[in-house]
Amino acid sequence: MARTSQDSSKRHFHWTKKVGTEDDEKAPPTFKSSSNPCEADKKEHHLKAHVATMTTPRKKLPAVAVARLRSVLTALGKNRSNLAFGLGPRVVGTLFGHRRGHVHFAFQKDPNSPPAFLVELATPISGLVREMASGLVRIALECDKQKEEEKKGMRLLEEPVWRTYCNGKKCGFATRRDCGAKEWKILKAVEPISMGAGVLPGSGADGDGELMYMRAKFERIVGSRDSEAFYMMNPDSNGAPELSIYLLRV
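The shown structure was predicted, so the numbers you read here are calculated from the model rather than taken from an experiment.

What follows covers the overall build of the protein. The helix and strand tally for the protein stands at 5 helices and 10 strands. If you take every contact in the protein between residues at least 6 apart in sequence, the share linking residues at least 24 apart comes to 54%. Carbon and sulfur atoms form 58% of the exposed surface of the protein, whose accessible area is close to 16,700 Å².

In structure tokens, the structure reads:
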């Protein structure tokens, strides 16, 4: 009788353990997964939205980079056009030189801007004054076209050496100059003058004496990348320009 009760207790113990094991095995798949399906859908939706938010900037990066590159190139193009070489259809021309010196000629975009083109001619200033007193003056500056320069894309106004012709007569060579302190001082002295000619007193340290100058507005005509012309504008529109300067790359 005692053995029968012991067997029944063992069976009861095993049955209880078996039931508990079955519950433990069934518990994981049913834990919170089937209790609230709406909450699971919301989590999945938020997860997809978060992933889409993270991946969207990566897709737009190439477009943003291209837009920034275009803006930089546009800014560079605008800045380049505003440089000294970006002359417009109307420029300020100044011819100056000491009585015993050579002719210097400068083109400026504005009266107070640095010269875009400054050359020193081999012609004495006194000789040019005599030519202008006799009538119209045509000055032609020619340079050679070279393949190396074409590859570099050198602008016409950047050419360093020119052959000079004054009214058809060869007058040596002209050399492009940088605007130093001495040249800039002269241009600042005649800055208030829009059109006219005169003489500036020479300084005691300068052995060349007085400085002769002529200043006027010029009309700029661009024929091609290898040819430009500058015509002095007269107050009398019916008159022919007294001074014309031609730049040619041949």
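Core analysis: the biggest nonpolar cluster contains 30 residues, and Phe107, Ile139, Trp162, Phe218, Leu243 and Leu247 have the highest contact counts within it. Excluding residues within four positions of it along the chain, Ile139 makes contact with Leu121, Leu128, Thr164, Tyr165, Cys166, Leu243, Ser244, Ile245 and Tyr246. Of all hydrophobic cores here, the second largest spans 8 residues; its members include Ala106, Leu187, Val190 and Tyr213.

Another aspect to go through is the pattern of salt bridges. Considering all chains together, one arrives at 11 salt bridges under this definition. The partner of Asp226 in a salt bridge is Lys145, with the nearest N and O atoms 3.1 Å apart. You can see Asp226 sitting in the loop between strand E8 (211-224) and strand E9 (227-232) and its partner Lys145 sitting in the loop between strand E4 (137-143) and helix H4 (147-152), a full 81 residues away along the chain. Judged by relative accessible area, Asp226 falls into the buried class, the value being 13%. Arg225 is the partner of Asp226 in a salt bridge, and the nearest nitrogen-oxygen pair spans 3.7 Å. You can call Arg225 partly exposed: its relative accessible area is 46%.

Along the chain, Gly223 falls in strand E8. When the C-alpha positions of Gly223 and Leu248 are compared, they lie 9.7 Å apart, and in sequence the two are 25 residues distant.

With that settled, the discussion passes to the packing of aromatic side chains. Applying the stated criterion to the full structure yields 7 aromatic pairs. By way of ring pairs, the aromatic residues Phe105, Phe107, Phe117, Trp162, Phe218 and Phe230 are connected into one cluster.

Glancing now at helix H5 (residues 181-189). Along H5, the residues that are buried comprise Glu183, Ile186 and Leu187. Projected down its long axis, H5 carries its buried residues within an arc of 95 degrees, all on one side. Set apart from the buried face of H5 by more than 90 degrees, the exposed residues are Ala181 and Lys185.

One can find Thr164 in strand E5 (residues 161-166). A polar contact is formed between the side chain of Thr164 and the backbone nitrogen of Ala174, at a distance of 3.3 Å. Each residue touching Thr164, except ones within four places of it in the same chain, is listed here: Leu121, Ile139, Ala140, Leu141, Lys169, Lys170, Cys171, Gly172, Phe173 and Ala174.

It is worth spelling out the pairing of strand E6 (residues 169-176) at this point. Note that strand E3 (residues 115-124) and E6 share 3 bridges and pair antiparallel. Within E6, the position partnered with Glu120 by the bridge is Thr175. Of the strand pairs in this sheet, E5 and E6 are connected by 5 bridges, and their pairing is antiparallel. Within E6, the residue paired with Val161 across the bridge is Thr175. Linking two consecutive strands that pair antiparallel, namely E5 and E6, is a turn of 2 residues; a positive phi of about 55 degrees is found at Asn167 within it.

Helical periodicity: at 3.6 residues per turn, an α-helix aligns residues three or four positions apart in one direction. Along helix H3 (residues 125-134), the residues classified as buried are Ile125, Gly127 and Leu128. Projection of H3 onto a plane perpendicular to its axis shows the buried side chains occupying an angular sector of 160 degrees, all on one side. Facing away from the buried side of H3, by more than 90 degrees, are the exposed residues Arg130, Ala133 and Ser134. In this structure, the buried side of H3 is in contact with strand E1 (90-98), strand E2 (102-108), E3, E4, E5 and E8.

Reading guide: rules and limits
Here the residue numbers are simple positions, counted from 1 along each chain's written sequence. Totals for whole chains, interfaces and linings use every residue, but because this is a predicted model, local features are given only for residues with pLDDT of at least 70 and side-chain atom pairs only at 80 or more, for both listing and counting. The basis for every side-chain value is the complete set of heavy atoms in the structure, and neither hydrogens nor water enter the calculation. Runs of H or I in DSSP of at least four residues are treated as helices and runs of E of at least two as strands, each being numbered from the N terminus. Two residues qualify as a contact provided that any one of their heavy atoms is within 4.5 Å of a heavy atom in the partner residue. Surface accessibility in these figures is a Shrake-Rupley result with a 1.4 Å probe; residues are shielded only by whichever protein chains are displayed. Among buried residues, the Ala, Val, Leu, Ile, Met, Phe, Trp, Tyr and Cys ones that are joined through side-chain atoms within 4.5 Å form a nonpolar core. Each residue is assigned to one of three classes by its accessible area relative to the maximum for its type, calculated with a 1.4 Å probe on protein chains only: buried under 20%, partly exposed between the two thresholds, exposed over 50%. Salt-bridge detection follows one rule: a side-chain nitrogen of Lys or Arg within 4 Å of a carboxyl oxygen of Asp or Glu. Ring pairs shown here join Phe, Tyr and Trp side chains whose ring centres sit within 6.5 Å, with only the six-membered ring taken for Trp; geometry is labelled stacked below 30 degrees between planes, edge-to-face above 60, and tilted in between. Within this analysis, the arc is defined by the directions that extend from the helix axis to the C-beta atoms. Here a polar contact is taken to be a pair of N or O atoms separated by no more than 3.5 Å, where protein atoms must pair a possible hydrogen donor with a possible acceptor and residues adjacent in sequence count only if both atoms sit in side chains. The rule for pairing is simple: two strands pair if DSSP sees at least two bridges between them.

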